[in-house]
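Notes for the structure review
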Amino acid sequence: MISAITACLALTWQGRKADILRRNTSTRFHFIQRMNGNITIHAGEAFGKESIWQAIQWCGAHRIGHATRLVEDIMISGNEVAKLGTLAQYVLDKRIPSRFA
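Counting restarts for each chain, with residues numbered from 1 along the sequence as it is written. In view of the model being predicted, local features appear only for residues whose pLDDT reaches at least 70, and side-chain atom pairs are presented and counted only at 80 or more, with totals across whole chains, interfaces and linings using the full set of residues. Hydrogens are left out, water is left out, and the side-chain values use all remaining heavy atoms of the structure.

This part takes up the sheet that holds strand 1 (residues 40-42). Read from one edge of the open sheet, 3 strands run 1-2-5, paired in parallel fashion. The open sheet has two edge strands, strand 1 and strand 5 (98-99), and neither has a second partner. Between any two strands, at least two bridges found by DSSP are needed for them to pair. Per the convention used, a helix needs a DSSP run of H or I reaching at least four residues, while a strand needs a run of E reaching at least two, with both numbered from the N terminus. The pairing of strand 2 (residues 63-65) with strand 5 spans 2 bridges and is parallel. Paired with Gly-65 across the bridge in strand 5 is Arg-99.

Looking now at the nonpolar core. Here the nonpolar core consists of buried residues drawn from Ala, Val, Leu, Ile, Met, Phe, Trp, Tyr and Cys, with membership extended through side-chain atoms lying within 4.5 Å. A 1.4 Å probe rolled over the protein chains alone gives each residue an accessible area, and that area as a share of the maximum for its type sets the label: buried under 20%, exposed over 50%, partly exposed in between. Ile-41, Ile-52, Ile-56 and Ile-64 are the most contacted members of the largest nonpolar core, which totals 17 residues. Those elements that provide at least two residues to this core are helix 1 (26-34), helix 2 (49-57) and helix 3 (86-93).

When a carboxyl oxygen of Asp or Glu is within 4 Å of a side-chain nitrogen of Lys or Arg, the pair counts as a salt bridge. On inspection of all chains with the given rule, the structure shows 2 salt bridges. Close ionic contact of Asp-73 with Lys-49 constitutes a salt bridge, the shortest N to O distance being 3.2 Å. Taken together, the positions of Asp-73 in the loop between strand 2 and strand 3 (74-77) and Lys-49 in helix 2 put the pair 24 residues apart, joining distant regions of the chain. Residue classification places Asp-73 among the buried positions, given a relative accessible area of 11%. Its relative accessible area of 23% is what places Lys-49 among the partly exposed residues. Here Glu-72 makes a salt bridge to Arg-69, at a shortest N to O gap of 3.3 Å. Glu-72 gets classed as partly exposed once you look at its relative accessible area, which sits at 46%.

What follows is the structure, given as structure tokens:
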């Protein structure tokens, strides 16, 4: 049981971020959600925008780090955004903070 004093819980994986869902981690993320914790997942770098979807849909991420591949879901015309893809629109609509590094 986690006490009210606990301020931070971190989970770290070694290896490819693409393997995040294959490592039976859903119970850990569900536990964090039940404890009203915030979840930040580094996704959308090496594995692509699909890992951003996985982080949000499967792991309940509240924030995405290294979301550099999100730009693959945004169409640019000249200097303006012409169209957002499904993922980019979802991130915008839900106001999911993302760090592009």
